[in-house]
Amino acid sequence: MNQTLDCAASVKDIYAAFQRGDIPAILEMVDENVQWESWEANYAQRAGVPWLLPRTGKAGVADFFAVVGQMRFHDFRVLNVMACAGQAAGEVAIDVELPNGARFQDEEMHLFTFNEAGKVVRFRHYLDTAKHIEAAAPRD
C-alpha cells in the first residue's frame, strides 16, 4: 500500500470528521503521544492564542477541539491535500467567528506527520499569526 496515498486519505478523513463534528473519529487517528502545535518559538503561543497552544496526547487534542468547538465557522474549505512519505499537508480557507465577537478569514496550511502505524504523531498550523493574535485579544 502506498504510504503517500494513505497519508493524504487520512488527512481527508480527518477534515471530513471535523466538518461533521466527529471528534472521537479524529482522536482515533492520532497517536497516544501526539505533539500538537509543538514549536520552538511561536508568537501566537507566546501571545496565548488558545487554539494554537502546544498540547500533547489524545487528551491535548481533545482540549484543542473543545476550544475550536466554541468558534463559529462561517466557512471551512479544504483547498488541497498534498502528501509525501510520512507527511501530508492540507491547505484550507477559513472564515471564523470567536466567542469574543472577533471574526477573521485566513488561508492556512496544516502539516500532519504520521508514524508507521498510520497515526498522527505531530500536527502544526502554518498561518497568519498576526490575524490570530489580534482576533484572540480581549474585546471591550
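Reading the values: the criteria
For every chain, the first residue of the written sequence is number 1, and numbering continues from 1 onward in sequence order. Given that this is a predicted model, residues contribute local features only at a pLDDT of at least 70 and side-chain atom pairs are listed and counted only at 80 or more, while totals for whole chains, interfaces and linings are drawn from all residues. Values shown for side chains rest on all heavy atoms present in the structure; no hydrogens or waters enter the calculation. Here, nonpolar core means buried Ala, Val, Leu, Ile, Met, Phe, Trp, Tyr and Cys residues that are tied together by side-chain atoms lying within 4.5 Å of each other. Relative accessibility decides the category of a residue: with a 1.4 Å probe and only protein chains considered, values under 20% of the type maximum give buried, values over 50% give exposed, and everything between is partly exposed. The numbering of helices and of strands both runs from the N terminus, where a helix is a DSSP run of H or I of at least 4 residues and a strand a run of E of at least 2. The contact definition used throughout considers only heavy atoms, calling two residues in contact when any of these lie within 4.5 Å. When DSSP finds at least two bridges between two strands, those strands are taken to pair. Geometry is summarised by axes, namely lines fitted to C-alpha atoms with helices restricted to the contacting stretch, and by angles between N-to-C directions that run from 0 to 180 degrees.

Draft legend 1. Just the nonpolar core, in detail. Residues W36, W51 and F112 are the most contacted members of the largest nonpolar core, which totals 38 residues. Residue assignment for this core shows that the elements contributing at least two residues are α1 (3–19), α2 (23–27), β1 (30–36), α4 (57–68), β3 (72–84), β4 (87–97), β5 (103–114) and β6 (120–126). Examining the composition of this core, we find that seven residues originate from one element, α1, more than from any other. For W51, the residues in contact, after removing those within four places along its chain, are F64, V67, V68, M71, L98, F104, H132 and A136.

Draft legend 2. Inspection of the environment of L79 at higher detail. Within the secondary structure, L79 sits in strand β3. What makes L79 partly exposed here is its relative accessible area of 39%. Considering only alpha carbons, one finds L79 and M109, 30 residues apart in sequence, at a separation of 9.9 Å.

Draft legend 3. Structural context of the sheet that holds β6. Taken in spatial order, the six strands of this open sheet run β2-β1-β6-β5-β4-β3, and their pairing is mixed. The open sheet has two edge strands with one neighbour each: β2 (55–56) and β3. Inspection of the sheet shows β1 paired to β6 by three bridges, in the parallel sense. Within β6, the residue paired with V30 across the bridge is V120. Packing of α4 onto the sheet brings it into contact with β1, β2, β3 and β6, and relative to β1 it is tilted by some 60 degrees. Sheet strands touched by helix α5 (residues 129–136): β4 and β5. Its angle to β5, the strand with the most contacts, is close to 120 degrees.

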